[in-house]
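# Summary of the model geometry
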Amino acid sequence: RAGRPVYVERFTPLVYFYSAIAAASLVAFAYYYGLLALSVLTFVIFVYSDFKGALTHVVLDEPKNVDVPAIGQSALEFQMHHEIPRDNVIKPYVEMCGDLNVYISVCLGLNTFVFGPSVIFCGLGALMLLGGYAGQWSHRCAHMTMSQRPAWMTKLQDWGIMLPAAQHALHHQTHDGNFPILSGWTTTLVQRMVATVPSRAVWLSAFCFAAIFDVGIFYTATKAVLG
């Protein structure tokens, strides 16, 4: 739409605040439930974050969602990213994390009100927050040149832990596949889901469901296991 800004400046101090709270929450979780429990939960949320990032990607890549309230601005930025793939390399990383400010504030705020700030809830919320930030970092690195990308990140890409640049490049050829941006582990699953259920309404509904209920579902399951 003519005159509509594509990039909006984010309130970056909130990113640092959320990161500090997340770090403290993980220390508390490890103290009460141990490093093994934290490691297992980290792996589970890492896998889920790859899937959730893909789910978000599918929704924001849909041009018609530019006019959907709450997510329209993010969808517009994703459309521009297709035109300027390296815009997320030029953009400061903290700004990329700031793209998640509203989503994080609303979703975690709502779930904190419902479930209360327990150690399990805060630890889980911290992992989901950092999973989102890690997805932004992985996506950024997938667009960096070899000289720009940190050596340790290139190693993680080579080992298949973080999204390989070549795999993400396939997405930018057609924009209709290879949606994960964290590790790429859920690529096949998401591809099959998109092929089976291409409905925009279904994916938008799934995105809204995950945004509202995923923390609560994981919290209930984690609490049942840890007691």
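Report follows, based on the coordinates.

How each quantity is defined
- Residues numbered from 1 in each chain as written.
- Predicted model: local features only at pLDDT ≥ 70, side-chain atom pairs only at ≥ 80, totals over all residues.
- Heavy atoms only, no water.
- Phe/Tyr/Trp six-rings, centres within 6.5 Å; stacked < 30°, edge-to-face > 60°.
- Helix = DSSP H or I, 4+ residues; strand = E, 2+ residues; numbered from the N terminus.
- Buried < 20%, exposed > 50% of the residue type's maximum accessible area, 1.4 Å probe, protein only.
- Axes fitted to C-alpha atoms, helices over the stretch in contact; angles between N-to-C directions.
- Left-handed = near helix turned anticlockwise from the far one by under 90°.
- Contact = heavy atoms within 4.5 Å.
- Polar contact = N/O pair within 3.5 Å; in protein donor to acceptor, adjacent residues only side chain to side chain.
- Salt bridge = Lys/Arg side-chain N within 4 Å of Asp/Glu carboxyl O.

## As for the packing of aromatic side chains
The full count for this structure, using the stated rule, is 13 aromatic pairs. Relative to Tyr-33, the ring of Phe-29 has its centre 5.2 Å away and its plane inclined at 40°; by these criteria the two rings are tilted. Here the residue Phe-29 and the residue Tyr-33 both occupy positions in helix α1 (residues 13–60), the gap between them amounting to 4 residues, near one helical turn. Exposure remark for Phe-29: the relative accessible area of 1% places this residue in the buried category. Residue classification places Tyr-33 among the partly exposed residues on the basis of a relative accessible area of 28%. Taking 6.2 Å as the distance between ring centres and 15° as the angle between the ring planes, the aromatic pair formed by Trp-137 and Trp-152 counts as stacked. With Trp-137 in helix α6 (residues 119–142) and Trp-152 in helix α7 (residues 151–158), the pair connects residues that are 15 residues apart, well separated along the chain. Through pairs of rings, three or more aromatic residues link up here, namely Phe-43, Phe-46 and Trp-185.

## Notes on the packing of α1 against helix α9 (residues 187–196)
The N-to-C vectors of α1 and α9 enclose an angle of 35°; their axes lie 10 Å apart at closest approach. Every pair of crossing elements has a handedness; the one defined by α1 and α9 is right-handed. Of the residues in α9, those touching α1 at Phe-51, Ala-54 and Val-58 are Leu-189, Val-190, Met-193 and Val-194.

## So, the environment of Ala-195
On the secondary structure map, Ala-195 appears in helix α9. Its relative accessible area of 64% is what places Ala-195 among the exposed residues.

## Quick word on the environment of Ala-75
Inspection of the secondary structure puts Ala-75 in helix α2 (residues 72–83). Sequence separation between Ala-75 and His-175 is 100 residues; the distance between their C-alpha atoms is 13 Å. Leaving out residues up to four positions away in the same chain, Ala-75 has contacts with Leu-60, Asn-65 and Val-66.

## Looking at the side chain of Thr-187
Turning to its location among the elements, Thr-187 is positioned in helix α9. A polar contact of 2.8 Å, which involves the side chain of Thr-187, links it to the backbone oxygen of Gly-184. Apart from residues lying up to four places away in sequence, Thr-187 is in contact with Gln-167, Asn-178 and Pro-180.

## Remarks on the pattern of salt bridges
Opposite charge on two side chains permits them to pair, given that their charged atoms come into close proximity. Tallying each qualifying case throughout the model produces 5 salt bridges. For Arg-10, the salt bridge identified is with Glu-77, shortest N-O distance 2.7 Å. Separated by 67 residues along the polypeptide, Arg-10 in the segment before α1 and Glu-77 in helix α2 bring together distant segments of the chain. Of the two residues, Arg-10 and Glu-77, neither departs from the other in class, the shared state being buried. Put simply, Lys-91 and Glu-77 hold a salt bridge, and the shortest N to O gap is 3.7 Å. A residue pair is termed long-range when its members are at least 10 positions apart, and Lys-91 in the loop between α3 (87–90) and α4 (93–98) and Glu-77 in helix α2 qualify at 14 residues. Judged on exposure class, the residue Lys-91 and its partner Glu-77 are both buried.

Any functional reading would require information that these geometric values do not contain.
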